[in-house]
Amino acid sequence: MKAVLDHVGIAVSDLQTSLAFFKDVLGLHVESSEEIESQRVRATFLNTGQSTLEMLEATAPESAIAKFVEKRGAGMHHVALRVDDIDAALVHLKARGIRLIDEKARPGAEGALVAFIHPSAAHGVLVELKQPAAKVELFTKATRHALGDFELITLSDGFIGLDGGAMFGVVPRTLWEKRLPPDDSNRIPLGMRPLIVRNGNTTALIDAGCGDKMDAKLTQIYKLDRRYHLDHALAEAGLTADDIDIVVASHLHFDHVGGFTKFGKDGAIVPRFPKARYVAHRAEWEDATHPHERNRASYLQENFVPLREAGVLTLVDDATEIIPGVKYRRSGGHTPNHQVLMIESRGKTAVFTADMYPTSVHIPDPWVMGFDLLPVDTLTFKRGFAPEAIEREYLLFFEHDPSMAAGYLREKDGKRFVERVI
Ligand SMILES: [Zn+2]
Ligand SMILES: [Zn+2]
């Protein structure tokens, strides 16, 4: 077991007077401050280089810190050691008969997992083990992939922060937070990855991210990070908006079609791709233009109604071939007429899975988003689709995965996993 000093915990009776010394006199920098509801404590971290000082102030009389201060006065409270795998560390300690306060790891500050060793087993020192929240690598690079006669180019329209609970439905946080750690507001970082599909004649774009029409309030709520967005991605791919011949919607939620339109010079909303024909599924269009309380916040009319007004919209039905080799396939579930795109050439198949597999973390069949209107329909589709994708080696595109654009679904010893390609 390898352990590194992470921080030293100091119980304080009054944070402000303590900071007058540690911050103002010693000149230490306050890094962050966070209330840990479950512990009835406010933790304030001071940077000391390799490790930190954690000032702990009780927020309620029943807090362990309040009791500690009452009994022994303010002062050193614990030493925290960082480990890579806290579950393995606890197994290691239990096997040696070490007395633990926490038999199981529990959530601590900054999305970490923590567990305490009893001071009686650690020579009078209260020792905290801490496994920091995994850092999510954010991937944006425009990347090409040849699929038969097609060239596929995965693009990025930046990142959006959506509620982790809503993204994973009935799956408990303890299971998903290790893969996609949430921020203080429980939001997880998600990519928005449109896909270019081109052959010698046609350049098609599937979905277009959230675009740039969101106001400051929504930008903040959704934690939009568009420092790198679709215009950058198109430029990186050597393309401009004028090069796009067809724009295809998987479904009409704002994080997929916000980039279909933009503000024109006079403030009117106009198609973003001036030479393109836009394609949407007819029944999805009906749902999107007649929203109800449950889906209204996702169907923002300014993203698609101007396309009809501009006369550039084509509505199609199930299984329509949009360009030779590119077809809609209805998955339903997420919205009743949510479509994945099947892209086939010379015996090879790629699938743009949109919100059916929003990320590679959503591979297990029951890991279905809480956002889905008909989650059992999503489950039914996934059950049939996964064995097919494994057997036929479909290249799957994950539109919302923050770190991975595409990969193959594999199965080994009864376990499914994604082999990353892009
Ligand atoms: Zn959606
Ligand atoms: Zn989405």
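Attention shifts here to the overall build of the protein. Within the protein one finds 11 helices and 26 strands. Principal-axis analysis of the C-alpha atoms gives the protein an extent of 75 × 55 × 40 Å. Looking at the 422 residues of the protein, the share that counts as buried comes to 53%. Within the protein, contacts between residues separated by at least 24 positions form 61% of all contacts whose residues are at least 6 apart in sequence. For the protein, the accessible area works out to roughly 19,500 Å², and carbon and sulfur atoms hold 52% of it. Charged side chains in the protein number 50 positive and 59 negative. The centres of these two groups are separated by 3 Å.

All right, on to the domain arrangement of the protein then. As far as domains go, the protein holds domain 1 (4-131) and domain 2 (143-420). Between the C-alpha centres of domain 1 and domain 2 there is a distance of 42 Å.

Along the chain, Thr-52 turns up in strand β4 (residues 52-58). A relative accessible area of 13% places Thr-52 in the buried class. Thr-52 has contacts with Asp-6, His-7, Val-8, Glu-31, Phe-45, Leu-46 and Asn-47, leaving out every residue within four places of it along the chain.

Protein-derived ligands of the zinc ion (ligand 1) are His-251 (NE2), His-253 (ND1), His-334 (NE2) and Asp-355 (OD), with the metal-ligand distances lying across 2.1 Å. One can describe the site at the zinc ion (ligand 1) as irregular: its four donor atoms subtend angles covering 86 to 174° at the metal. One chain supplies every donor to the zinc ion (ligand 1), and in sequence these donors are spaced H-x1-H-x80-H-x20-D. Between the zinc ion (ligand 1) and the zinc ion (ligand 2), the interatomic distance is 3.5 Å, and Asp-355 donates to each metal, bridging them. A residue pair is termed long-range when its members are at least 10 positions apart, and His-251 in the loop between β15 (246-248) and α8 (254-257) and His-334 in the loop between β21 (326-330) and β22 (339-345) qualify at 83 residues. Accessibility assignment for this pair places His-251 and His-334 in one class, buried.

What holds strands together in a sheet is hydrogen bonding between their backbones, with the strands either parallel or antiparallel. Pairing is mixed across the open sheet formed by seven strands, whose spatial order is β9-β10-β13-β14-β15-β18-β19. Only two strands of the sheet have a single neighbouring strand rather than two, namely β9 (143-147) and β19 (313-316). For this sheet, the mean angle separating the axes of adjacent strands, direction not counted, is 25°. Lying on the sheet, helix α9 (residues 282-289) is in contact with β18 (277-281) and β19; it crosses β18 at an angle near 85°.

Okay, a nonpolar patch on the surface next. Together, Phe-21, Val-25 and Leu-26 line one region of the surface with nonpolar side chains, adding up to about 290 Å² of accessible area. If you trace the backbone, Phe-21 turns up in helix α1 (residues 15-25). Phe-21 sits in the partly exposed class, given a relative accessible area of 40%.

Within helix α3 (residues 86-95), the full set of buried residues consists of Ile-86, Ala-89, Leu-90 and Leu-93. Projection of α3 onto a plane perpendicular to its axis shows the buried side chains occupying an angular sector of 100°, all on one side. Looking at α3, the residues exposed on the side facing more than 90 degrees away from the buried face are Val-91 and Ala-95. The inward-facing, buried residues of α3 abut β7 (113-117) and β8 (127-131). Of the residues flanking the end of α3, it is Gly-97, one or two places downstream, whose phi is positive at about 70°.

What follows deals with the pattern of salt bridges. Counted according to the given criterion, the structure contains 23 salt bridges. A salt bridge links Arg-40 to Glu-37, with the shortest nitrogen-to-oxygen separation between them at 3.3 Å. In this structure, Arg-410 and Glu-393 form a salt bridge, with 2.4 Å as the shortest nitrogen-oxygen distance. With Arg-410 in strand β25 (residues 406-412) and Glu-393 in the loop between α11 (375-391) and β24 (395-397), this pair connects stretches of sequence that are 17 residues apart.

This part takes up the nonpolar core. Within soluble globular proteins, side chains that are nonpolar tend to cluster in buried spots. In terms of nonpolar packing, the biggest core is built from 29 residues, with Leu-155, Leu-252, Phe-273 and Phe-304 touching the most fellow members. When residues of this core are traced back to their parent elements, those giving at least two are α7 (230-236), β18, α9 and α10 (305-309). When residues in this core are grouped by element, the largest group, three residues, is from α7. Residues in contact with Phe-273, not counting those within four places in the same chain, are Leu-205, Ala-208, Leu-230, Leu-234, Ala-241, Ile-244, Val-247, Gly-259 and Tyr-278. Counting residues in hydrophobic clusters, the runner-up holds 26 residues, among them Phe-150, Ile-322, Ile-323 and Ile-422.

On to the pairing of strand β11 (residues 159-163). Here is the key point about a regular strand: its side chains alternate between the two faces of the sheet. A large share of β11 lies buried, amounting to four of its five residues. Sheet analysis places β11 next to strand β12 (residues 187-191), joined by five bridges and oriented antiparallel. Bridge pairing in β12 places Ile-160 opposite Leu-190.

Here we take up the coordination of the zinc ion (ligand 2). Here the zinc ion (ligand 2) is held by the protein donor atoms Asp-255 (OD), His-256 (NE2), Asp-355 (OD), Asp-355 (OD) and His-400 (NE2), which lie 2.1 to 2.7 Å from it. In primary-sequence terms, the residues that donate to the zinc ion (ligand 2) follow D-H-x98-D-x44-H. With relative accessibility at 2%, the residue His-400 sits in the buried group.

Take Met-404: it is sitting in the loop between β24 and β25. For the pair Met-404 and Arg-420, spaced 16 residues apart in sequence, the C-alpha separation works out to 6.8 Å. Excluding residues that lie within four positions of it along the chain, Met-404 makes contacts with Arg-193, Ser-360, Phe-398, Val-418, Arg-420 and Ile-422.

Calculation rules
Residues numbered from 1 in each chain as written. Chains lettered and ligands numbered in written order. Predicted model: local features only at pLDDT ≥ 70, side-chain atom pairs only at ≥ 80, totals over all residues. Heavy atoms only, no water. Helix = DSSP H or I, 4+ residues; strand = E, 2+ residues; numbered from the N terminus. Buried < 20%, exposed > 50% of the residue type's maximum accessible area, 1.4 Å probe, protein only. Contact = heavy atoms within 4.5 Å. Areas by Shrake-Rupley, 256 points an atom, 1.4 Å probe, with all protein chains shown as cover. Lys, Arg positive; Asp, Glu negative; His and termini not counted. Charge placed at Lys NZ, Arg CZ, Asp CG, Glu CD. Domains from an automatic or database assignment. Donors = N, O, S within 2.8 Å, 3.2 Å for Na, K, Ca; no water. Tetrahedral: all angles 85-135°; square planar, octahedral: opposite > 155°, others 65-115°. Pairing = 2+ DSSP bridges. Axes fitted to C-alpha atoms, helices over the stretch in contact; angles between N-to-C directions. Patch = residues over 30% accessible without salt bridge, like charges linked within 9 Å, V, L, I, M, F, W, Y side chains within 5 Å. Salt bridge = Lys/Arg side-chain N within 4 Å of Asp/Glu carboxyl O. Arc of directions from axis to C-beta. Core = buried A, V, L, I, M, F, W, Y, C linked by side-chain atoms within 4.5 Å.

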